[in-house]
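Read off the chains here:
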Amino acid sequence: MNIRSLKTIVIAAMAAICPLRAAAVTDKEMEEARTITAKAYLRYANDGSGYLDDVTATTMTALNASLKAKEKENLKAFNSVKVPSDYASWDKEKLVEFWAVTFFTSPALSDKGKVAKSRVRKQISAMNIAAPATKEEAKKEEAKADAPAPAKESPEITAQDNPVSAETGSESMTADAAQAQEDLLSDQNAIEKDAADAAPERPQEESHTWVYVLVLAILVGIVIWLVVYAANLMKRQPDGGNTEESGDTADLREQTRKAIAAKNKEIEDLHLRLQAEESKSADLGMELERARLDRNRLEETLSRLREENAALTRKLAGNATARTATAATVRANETAAPARRENTREDAPEQKPILRVIYLGRANARGIFVRADRRINAGNTIYRLDTNDGLVGTFHVVDEPEVVDVALSNPAEYLGNGCTGEDLADTTGVTRIVTESAGTAIFENGYWKILRKTRIRYE
């Protein structure tokens, strides 16, 4: 144990022996605490009240003089909270408890302003609270308030003791003499009042006296033991208690501090790396989920296309069978036509010839061409269909300027359902539509319907 440690022990013991009076709250301190609370509340209640950080005030009057209109409006809710009147009996702990906790439980205060509790606790805890008056001093204050005005002549203060008073009279008494006279009268009144109250109070005071004596004796014994122990410990040290820290110990402490700092830095770096890895893992999880959804959509699309392909294959097979039957019927009819024409020329009507070229409009979402004309219909015609039997034919985009202009004005509407190709929506600088392979269409239920789209490209 070195000298500094011994001093600390002795001082702590002496501080324990010395009777300390609990702090009490005066009107001035209560006003200062209220002003601290109001300033903190207004600062948090309005985000635009930053100017209050530069305001220094210990009274509500001084604070109110520095407030703007918004803070004065918020101060109404603050002033509506009732403040107890018995604060003269409070100690510092109770003062902090009221302003930092109890006061902010009022429903009249705004929620944003209630955040100021921690700042209020810190600032009021830093206040110096004056010691309260003892019982005898309190009685003196009461006697001072009830005492009559001092007489011109007093046995303690005479004209001989105070020449200034003799020359100028009682009205020109110096401040010190007047104060001394007033204190003397107050002491006399207090002594008389104590004598009147001594009877009921003496038993209680005597009942606690032995406790104070016992505690004081114990503390004195502890101090004596600490002093003796410290003295014996210093005698056993060869250098008489001069235990300054060695250079090796200082180096060891510095190395330990640096090692701890390095480990803390390493832990912080590992924490940052962990956060980065967790973020990367979350991103990969999101990418995996998106890939899974895309795969499901592609599988659904593939299944649907397979079903459509199977349906088209069955339809083409049926159409091929129908075309074969139709072609056989046509050939049979053509073989028998001369004879029939000779036999029925006079009594049978003339048959309508089969159209070999048909101009079609756009195709809708179901693959049905919305109109058919014998010749190009400006503004409506998009495709030309060539057929030999009136049942099946091939079609392609009409390569005419007026048709190209209409088709390129809205490729999605005029070309999207009947054509395939690359970048059909990109029509910048396009002047021609070239058909790379013709599409196939069939005549069903009075409409031409697409079996296979035509493939085109722009030039």
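Structure first, text after, so check above.
Read on for an overview of the structure. (Residues numbered from 1 in each chain as written. Predicted model: local features only at pLDDT ≥ 70, side-chain atom pairs only at ≥ 80, totals over all residues. Heavy atoms only, no water.)

What follows concerns the overall build of the protein. From N to C terminus, the protein includes 12 helices and 9 strands. Here the analysis covers contacts within the protein between residues at least 6 apart in sequence; of these, 64% occur between residues at least 24 apart. As displayed, the protein offers around 31,500 Å² of accessible surface, 55% of which is attributable to carbon and sulfur atoms. (Helix = DSSP H or I, 4+ residues; strand = E, 2+ residues; numbered from the N terminus. Contact = heavy atoms within 4.5 Å. Areas by Shrake-Rupley, 256 points an atom, 1.4 Å probe, with all protein chains shown as cover.)

Under the counting rule described, the total for this entry stands at 12 aromatic pairs. Aromatic side chains Trp 225 and Tyr 229 sit 5.5 Å apart centroid to centroid with 15 degrees between the ring planes, which places their arrangement in the stacked category. Linking Trp 225 with Tyr 229, this pair stays in helix α9 (residues 175-236), spanning 4 residues, or about one helical turn. On the accessibility criterion, Trp 225 (54% relative accessible area) is exposed. Arranged with centres 5.5 Å apart and planes meeting at 70 degrees, the rings of Phe 369 and Tyr 383 form a pair that is edge-to-face. Pair noted here: Phe 369 is in the loop between β1 (357-360) and β2 (372-373) and Tyr 383 is in strand β3 (residues 383-387), with a separation of 14 residues, a long-range link. Just as Phe 369 is buried, Tyr 383 falls in that class too. Through successive ring pairs, a cluster of aromatic residues spans Tyr 41, Phe 78, Trp 90, Phe 98, Trp 99, Phe 103 and Phe 104. When the ring centre of Tyr 51 is taken as origin, the NZ or CZ atom of Lys 68, which lies over that ring, is 4.5 Å away. (Phe/Tyr/Trp six-rings, centres within 6.5 Å; stacked < 30°, edge-to-face > 60°. Buried < 20%, exposed > 50% of the residue type's maximum accessible area, 1.4 Å probe, protein only. Lys NZ or Arg CZ within 6 Å of the ring centre and 35° of its normal.)

Before going further, it helps to examine the pairing of strand β9 (residues 454-458). Side chains of β9 alternate between two faces, with Thr 454, Ile 456 and Tyr 458 buried and Arg 455 and Arg 457 left unburied. As paired strands, strand β6 (residues 433-437) and β9 are joined by 4 bridges and run antiparallel to one another. Within β9, the residue paired with Val 434 across the bridge is Arg 457. (Pairing = 2+ DSSP bridges.)

Turning our attention to the side chain of Thr 37. Within the secondary structure layout, Thr 37 lies in helix α2 (residues 27-45). Those residues in contact with Thr 37, other than ones at most four positions away along the chain, are Phe 78, Trp 99, Phe 103, Phe 104, Val 120 and Ile 124.

Right, let's talk about the sheet that holds strand β5 (residues 419-420) for a bit. Pairing is mixed in the open sheet, where 3 strands are placed in the order β5-β9-β6. The strands lining the two open edges of the sheet, one partner per strand, are β5 and β6. Pairing geometry for β5 and β9, over 2 bridges, is parallel. Note on β9: the bridge partner recorded for Cys 419 is Thr 454.

Moving on, we come to the environment of Cys 419. Its location among the elements puts Cys 419 in strand β5. Taking relative accessible area as the criterion, Cys 419 reaches 3% and is therefore assigned buried. For the pair Cys 419 and Ala 438, spaced 19 residues apart in the sequence, the C-alpha separation amounts to 9.4 Å.

Let us now look at the nonpolar core. Among the nonpolar cores identified, the biggest contains 34 residues, and Phe 78, Leu 95, Trp 99, Phe 103 and Ile 124 are the most heavily contacted of them. If you list the elements that add at least two residues to this core, you get α2, α3 (60-65), α4 (69-79), α5 (92-102) and α6 (117-125). Broken down by element, this core gets its largest block of residues, 8 residues, from α2. Residues within four places of Ile 124 in sequence aside, it is in contact with Ala 33, Ile 36, Thr 37, Lys 92, Leu 95, Val 96 and Trp 99. Counting residues in hydrophobic clusters, the runner-up holds 27 residues, among them Ile 358, Tyr 383, Val 398 and Tyr 458. (Core = buried A, V, L, I, M, F, W, Y, C linked by side-chain atoms within 4.5 Å.)

The strand order β2-β1-β3-β4-β7-β8 describes an open sheet built from 6 strands, whose pairing is antiparallel. Two strands lie at the open edges of the sheet, namely β2 and β8 (447-452), each paired on one side alone. Pairing of β1 with β2 involves 2 bridges; the strand directions are antiparallel. Within the sheet, the bridge partner assigned to Tyr 359 lies in β2 and is Asp 373.

This part covers unusual backbone geometry. Here Asp 423, not a glycine, exhibits a phi torsion of approximately 55 degrees, which is positive. Taking relative accessible area as the criterion, Asp 423 reaches 58% and is therefore assigned exposed. Positive phi, normally seen in glycine, also occurs at Asn 445, with a value near 50 degrees. Mapped onto the fold, Asn 445 is located in the loop between β7 (439-444) and β8.

Another aspect to go through is the side chain of Thr 440. With respect to the secondary-structure elements, Thr 440 resides in strand β7. Those residues in contact with Thr 440 that lie beyond four places of it in its chain are Val 392, Gly 393, Phe 395, Lys 449, Ile 450, Leu 451 and Arg 452.

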